[in-house]
Amino acid sequence: MSKPMILATGLRKTFGDLTAVEDVSFSIEPGDFFGFLGPNGAGKTTTIKMLTGLARPDAGSLEIAGIECSGNVKAAQHLIGVVPDESNLYPELTGFENLSFCGALYGMGRAAREERASLLLEAFGLGEAGHRKFGGYSRGMKRKLTIAAGIVHKPPILFLDEPTTGIDVESARHIRKLLANLHGTGTTVFLTTHYIEEAERLCGRIAFIVNGRIVRQDSVDNLLAPVKGISQLTVYCANRPDESVLADLRHAFPGHVFTPEKGSVLSVQSSGAFFIAPLLSFLEERGVPVLEAVRGRPSLEDVFVSVTGIGREQMRKEGKR
Amino acid sequence: MKHGIALYAILSKDMKAYYLKPPNISWGLIFPLAWTGMFFIRSGGGLDDIMGLLPGVTALAILFGTTSMLAVTVTFEKKNSSFDRLLLSPLPLEMLMLAKTSGAILFGVVNAMVPVLLAIVFTGLSGVNWALFFPTVLLIAVVSAFLGLFVAVAVSEVFEAQTFSNFIRFPMVFLCGLFFPVSDLPAFLRPLSYALPLTYGADTLRWAFLGKGSMSPQLNIAVLCGYCLLLFALTIRNVRRKWIL
């Protein structure tokens, strides 16, 4: 069996009285796409900083590609690429110069790094912008170039901290596609994100982190196993169904789980068949007109909510920040 | 070899992004010219005074040229997180800090040449011990750059870097024997003078230009080397403590 690419055991980090990360352990195999999912302040960025050498763990051990680097990640830094949560390239340099500079930091010769910079600019759709200063780029372009800078030296391990936060939908989609392609070439990816759908779409394994602790980690298939076969209906009502209506619903439709969401939205889950028409009629008769009903399957978001107790709305809000 | 490529890339990037910008070049030229002119007019002794003023003005040009940008740019890069990109590279921290200071050192050395070239134009500048002059200029530039780096790591805001730099630099103008001997200072200030590295740099330049000084050049150079090592070690320690959390 091959050695894990990243092996973290009992990592802990405190800042004064605040414990940012406590007893964080995971093992990431070569070629894994590992997601680290949690709300703001959960300890995602602190963990990534410890893994990449920008923070020293107070306790625990860390191995990267078999190199013991608990006290000093420097020995393994040539193997890793990092895309921080901020686009931190040099505003006064062009996109091409930034990539070439980043290649030089890893000892790449001029010809090799310039060829790689041109290739990446094309791959990331920045070919024409390559000779413009980074300071003049849009937010989405900045994120793309920051990701390109993280892989300019072809690292076998890539750390991404919130790569699609705060950028437009089109850029985010392009970035997800690029990351999937990158993973397809064998790169081990460690991704932190607020976006549960993003993690579900990209990652093979996921850890949920809340208040500095990992509360659950498993493959996406295993995480979704408890909700497999469950049908879900999201009902958008004209007014919020009160407790008596909910009690009647539960009585009239046994085997269904009714959960009021924010506003006038009602979530209905069932492990068996759905009889939508009687349900909607029942609501209408009880003075709760239905505007729209959307059928679906429970997602990783539902698993996250049930495991962490953190509401969907909170995660969505944080994703927009 | 790989570290050499990284070091050269950081130096080139800093030169292009910061040191070779027109405002900085003009500052580098105008500042020593202004000091030379001011002390020349104040002395009233005509061209004969140039040789007497040259060690102080040269030392000052290096000090201000070297520290003017370094403290600010390092603080700026740390503030906008681009310095983290350097910390994430496999370049050892010691080499990284040398790379960041090399641009400032080079700029300080070039600044030192401004008053010297002027003196050559006006006086011909004969009898200078160039073998002592060049290593001394380099040592003053190195110690000044490390001082700037020490300031940059000690503060977290760009304006703090500027204030702290001036807090250190301006007293040196008067305390380091640049334009009048340390022996002319009040007795209670003299220990402070001898605690400042520029005192030893200016005295060595006096040996190079005038063939005389108040301390031996060997002692001066040894003290300057000691300051370089001390400031560099302190800076590395501070970076590890403050920036690698």
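Residues numbered from 1 in each chain as written. Chains lettered and ligands numbered in written order. Predicted model: local features only at pLDDT ≥ 70, side-chain atom pairs only at ≥ 80, totals over all residues.

1. A look at the overall build of chain A
Along its length, chain A carries eleven helices and 14 strands. For chain A, the C-alpha atoms occupy an extent of roughly 75 × 45 × 40 Å along the three principal directions. Within chain A, counting contacts between residues at least 6 apart in sequence, those at least 24 apart form 69% of the total. (Helix = DSSP H or I, 4+ residues; strand = E, 2+ residues; numbered from the N terminus. Contact = placed C-beta atoms within 7 Å.)

2. A look at the packing of helix α6 (residues 130-154) of chain B against helix α7 (residues 158-175) of chain B
All names here are of chain B. Relative to each other, α6 and α7 sit at 140°, their axes nearing to 9 Å. Comparing their axes, α7 and α6 come out oblique. Every pair of crossing elements has a handedness; the one defined by α6 and α7 is right-handed. Residues Leu-147, Gly-148, Val-151, Ala-152 and Ala-154 of α6 form the contact with α7, whose participating residues are Ala-161, Phe-164, Ser-165 and Ile-168. Taken together, the residues that form the contact of α6 with α7 break down as seven nonpolar, two polar and no charged. (Axes fitted to C-alpha atoms, helices over the stretch in contact; angles between N-to-C directions. Parallel < 35°, antiparallel > 145°, perpendicular 65-115°, else oblique. Left-handed = near helix turned anticlockwise from the far one by under 90°. Nonpolar A, V, L, I, M, F, W, Y, C, P; charged D, E, K, R; others polar.)

3. With respect to the environment of A:His256
All names here are of chain A. Among the secondary structure elements, His-256 is positioned in strand β12 (residues 256-260). Here His-256 falls in the partly exposed class, since 18 other C-beta atoms lie within 10 Å of it. Between the C-alpha atoms of His-256 and Ser-271, which are 15 residues apart in sequence, the distance is 7.6 Å. Leave out the neighbours within four places in its chain, and His-256 touches Val-268, Gln-269 and Ser-270. (Buried ≥ 20, exposed ≤ 12 C-beta atoms within 10 Å, placed from the backbone.)

4. Some points on the sheet that holds strand β4 (residues 59-64) of chain A
All names here are of chain A. Pairing in this open sheet of four strands is antiparallel, and the strands run β2-β1-β4-β5 from one edge to the other. Only two strands of the sheet have a single neighbouring strand rather than two, namely β2 (18-28) and β5 (67-68). Relative to β2, strand β1 (residues 6-15) runs antiparallel, the two sharing seven bridges. What sits directly across from Leu-7, in β2, is Ser-27. Along the sheet, helix α1 (residues 44-52) makes contact with β1, β2 and β4, crossing β1 at roughly 120°. (Pairing = 2+ DSSP bridges.)

5. Digging into the sheet that holds strand β13 (residues 265-270) of chain A
Residue and element names in this part refer to chain A. Pairing within the open sheet is antiparallel, and its four strands lie in the order β12-β13-β11-β14. Here the strands that pair on one side only, and so sit at the sheet edges, are β12 and β14 (290-296). Going across the sheet, the axis of each strand differs from the next one's by a mean of 20°, ignoring polarity. Of the strands in this sheet, β11 (231-237) and β14 touch helix α9 (residues 276-285), which is tilted by about 150° from β14.

6. Points about the interface of chain B and chain A
Listed as interface residues are 21 residues of chain B and, on the opposing side, 23 residues of chain A. For the side of chain B that touches chain A, the secondary-structure elements that each account for two or more residues are α1 (2-19) and α4 (82-87) of chain B. Looking at which element gives the most residues to the side of chain B that touches chain A, the answer is α1(B), with seven residues. Taken together, the residues of the side of chain B that touches chain A break down into twelve nonpolar, five polar and four charged.

7. Digging into helix α4 (residues 139-151) of chain A
Residues and elements named next belong to chain A. Here α4 contains 13 residues, and its C-alpha end-to-end distance of 19 Å stays within 8% of the 18 Å for a straight helix at 1.5 Å per residue. Along α4, twelve of the 13 residues are buried, which leaves the element largely enclosed by surrounding structure. Here α4 has its buried residues at Gly-140, Met-141, Lys-142, Arg-143, Lys-144, Leu-145, Thr-146, Ile-147, Ala-148, Ala-149, Gly-150 and Ile-151. Along its buried surface, α4 packs onto β6 (80-83), α2 (95-105), α3 (110-123), β7 (157-161) and α5 (169-184). (Expected span 1.5 Å × (residues − 1).)

8. Focus: the domain arrangement of chain A
By the assigned domains, chain A splits into domain 1 (6-225) and domain 2 (230-296). Between domain 1 of chain A and domain 2 of chain A, the C-alpha centre-to-centre distance is 41 Å. (Domains from an automatic or database assignment.)

9. A few points about the packing of α6(B) against helix α9 (residues 197-210) of chain B
All names here are of chain B. Remark: α6 packs on α9, axes separated minimally by 9 Å, with the N-to-C direction vectors making an angle of 165°. With respect to each other, α6 and α9 are oriented roughly antiparallel. When you trace α6 past α9, the crossing you get is left-handed. Between α6 and α9, the contacting residues are Leu-132, Phe-133, Thr-136, Leu-139, Ile-140 and Val-143 on the first element and Pro-197, Gly-201, Thr-204, Leu-205, Trp-207 and Ala-208 on the second.

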